[in-house]
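# Breakdown of the fold
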Amino acid sequence: MSFVAHMLGNMFITVNRFTAICLMHKHAKIWSRKNVWIVIGTQYVASFAACSYLLWSKLEYIQNSDGTTKLKGFEKHIDVLIRSTFVGTCAIYASVTVVLNARLLFVWHKISKMSDYARHSRSEKNLLMYTIFVFVFTMLMCSQQFTVGIAAVANNNDMYLWASRQFFWINDVMLVIQLPILLLYFVLLYDKHLMSRIINKNSSN
């Protein structure tokens, strides 16, 4: 569940940054306080629904030659469902964020040259760099999940176990840098302040 929540949260962050720069005059309306709560609720409800079958699943272990055992994962059919869910989530994330980030960087580079926007662009640039940083590590997580999925289909236990172990340190980084609820509220408040100053300046001119 946490994996799907992370991926959806990171995707919503990208959408938030995209609307802040590419749909500047509609951004405050799109990311109203009510809509932010709807997004957060959707993120976690969808994550729980996508992984609810895990409540009735069982774990499998591998017997070593020395008599010890090690955890392999869930039952075969459950593992297929998990990999399908994770790979599907990764595919959706990659498809959406690659397009939005490419457009976002292009538009931001263009409007950062504008005098009215340039005065406030430093803080916006920091948020943009945060978004790109999240994107890089989330795509790394996607690569890890694709590798696990391939290993599961090929029934390659060594690759499966190696790729599965990479999940933990990548996930730790994502946990540290994401903080979706606090970030979305910070972005919401910041963007309203920024837009108010720009609109007021334009009105006075």
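Residues numbered from 1 in each chain as written. Predicted model: local features only at pLDDT ≥ 70, side-chain atom pairs only at ≥ 80, totals over all residues. Heavy atoms only, no water.

Quick look at the nonpolar core now. Soluble globular proteins: nonpolar side chains tend toward being buried together. Grouped together as the largest cluster of nonpolar side chains are 22 residues, with contacts concentrated most on Phe3, Val4, Met7, Phe86, Tyr93 and Met141. Only helix 1 (2–22), helix 3 (33–50), helix 4 (76–111), helix 6 (121–154) and helix 7 (157–178) provide two or more residues apiece to this core. Ranked by residues supplied to this core, first place goes to helix 1 with six residues. Once you skip the residues sitting within four places of it in the chain, phenylalanine 3 turns out to touch Phe86, Cys90, Met141, Gln145 and Phe167. (Core = buried A, V, L, I, M, F, W, Y, C linked by side-chain atoms within 4.5 Å. Buried < 20%, exposed > 50% of the residue type's maximum accessible area, 1.4 Å probe, protein only. Helix = DSSP H or I, 4+ residues; strand = E, 2+ residues; numbered from the N terminus. Contact = heavy atoms within 4.5 Å.)

On to the environment of cysteine 51. The topology assignment puts cysteine 51 in the loop between helix 3 and strand 1 (59–63). Put simply, cysteine 51 and threonine 85 are 34 residues apart on the chain and 7.9 Å apart in space, counted from C-alpha to C-alpha.

Turning our attention to the packing of aromatic side chains. One pass over the structure, following the stated rule, counts two aromatic pairs. A ring pair is formed by phenylalanine 167 and phenylalanine 168, whose centres lie 5.7 Å apart and whose planes are at 85°; its orientation type is edge-to-face. Taking relative accessible area as the criterion, phenylalanine 167 reaches 17% and is therefore assigned buried. Its relative accessible area of 54% is what places phenylalanine 168 among the exposed residues. (Phe/Tyr/Trp six-rings, centres within 6.5 Å; stacked < 30°, edge-to-face > 60°.)

Let us now look at helix 1. Counted at 1.5 Å a residue, the expected span for helix 1 with its 21 residues is 30 Å, and the 30 Å between its end C-alpha atoms agrees. When you tally the buried positions in helix 1, you get 18 out of 21 residues, the bulk of the element. (Expected span 1.5 Å × (residues − 1).)

The UniProt entry lists residues 36–56, 80–106, 127–154 and 166–190 under the feature "transmembrane region" (unreviewed entry), expressed in the numbering used here. Segment residues 36–56 splits into 71% helix and 0% strand. End C-alpha atoms: 32 Å apart. Secondary structure across residues 80–106 comprises 100% helix and 0% strand; the distance between its end C-alpha atoms is 39 Å. (UniProt positions renumbered as here; feature names shortened; annotations may be inferred.)

It is the contact of helix 1 with helix 4, at a shortest axis distance of 9 Å, that shows an interaxial angle of 20°. By the angle between their axes, helix 1 is roughly parallel relative to helix 4. Along this stretch, helix 1 crosses helix 4, giving a crossing that reads as left-handed. Class assignment for the residues of the contact of helix 1 with helix 4 results in 18 nonpolar, six polar and two charged. (Axes fitted to C-alpha atoms, helices over the stretch in contact; angles between N-to-C directions. Parallel < 35°, antiparallel > 145°, perpendicular 65-115°, else oblique. Left-handed = near helix turned anticlockwise from the far one by under 90°. Nonpolar A, V, L, I, M, F, W, Y, C, P; charged D, E, K, R; others polar.)

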